[in-house]
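Below are the chains, spelled out letter by letter.
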Amino acid sequence: MDTLLFIAIIGVAVFVGIASKKYYDKPYIVNFGIAALMLLLVVQSILMQPITILGYIAIVVCSIAFVFQVVIGYRNWKGQEYTKA
């Protein structure tokens, strides 16, 4: 499980890096990719045993970043639909 999670984190990070260059005109793809990365980091931090103060800080910061990225991605996605017409 830990290896699969680590590979998923690396895969999503690579996707975000490539998407930031390739999908420059579609920022919501990058926002949702970053949100997925933050969610995976929260899951990895929760699975750490024992969770230290640094782990709790990582969980809180990544959770806040996840919410912000989802909101920003949703706004970019909806804004993109309005500019097409």
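Note: the structure precedes this text.
Treat the numbers as computed from the prediction; the structure is a model and nothing was measured.

S.K.: Is there a simple way to think about the nonpolar core in this case?
M.R.: Formed by 14 residues in total, the largest nonpolar core has its most connected members in Ile 9, Val 12, Leu 37 and Leu 40. Those elements that provide at least two residues to this core are helix H1 (2–22), helix H2 (27–47) and helix H3 (53–84). No other element matches the 7 residues that H2 contributes to this core.

S.K.: When you look at H2 in this model, what are you seeing that I'm missing?
M.R.: An α-helix turns once per 3.6 residues; consequently, residues spaced three or four apart project the same way. Spanning 21 residues, H2 covers 31 Å between terminal C-alpha atoms, matching the ideal 30 Å at 1.5 Å per step. Within H2 the residues assigned to the buried category are Tyr 28, Ile 29, Val 30, Asn 31, Gly 33, Ala 35, Leu 37, Met 38, Leu 40, Val 42 and Ser 45.

S.K.: Please clarify how the side chain of Ser 45 should be interpreted in this entry.
M.R.: Topologically, Ser 45 is positioned in helix H2. For Ser 45, a relative accessible area of 9% gives the class buried. Discounting residues that sit within four places of it in the chain, Ser 45 has contacts with Ile 51, Gly 55, Ala 58 and Ile 59.

About the criteria used
- Residues numbered from 1 in each chain as written.
- Predicted model: local features only at pLDDT ≥ 70, side-chain atom pairs only at ≥ 80, totals over all residues.
- Heavy atoms only, no water.
- Core = buried A, V, L, I, M, F, W, Y, C linked by side-chain atoms within 4.5 Å.
- Buried < 20%, exposed > 50% of the residue type's maximum accessible area, 1.4 Å probe, protein only.
- Helix = DSSP H or I, 4+ residues; strand = E, 2+ residues; numbered from the N terminus.
- Expected span 1.5 Å × (residues − 1).
- Contact = heavy atoms within 4.5 Å.

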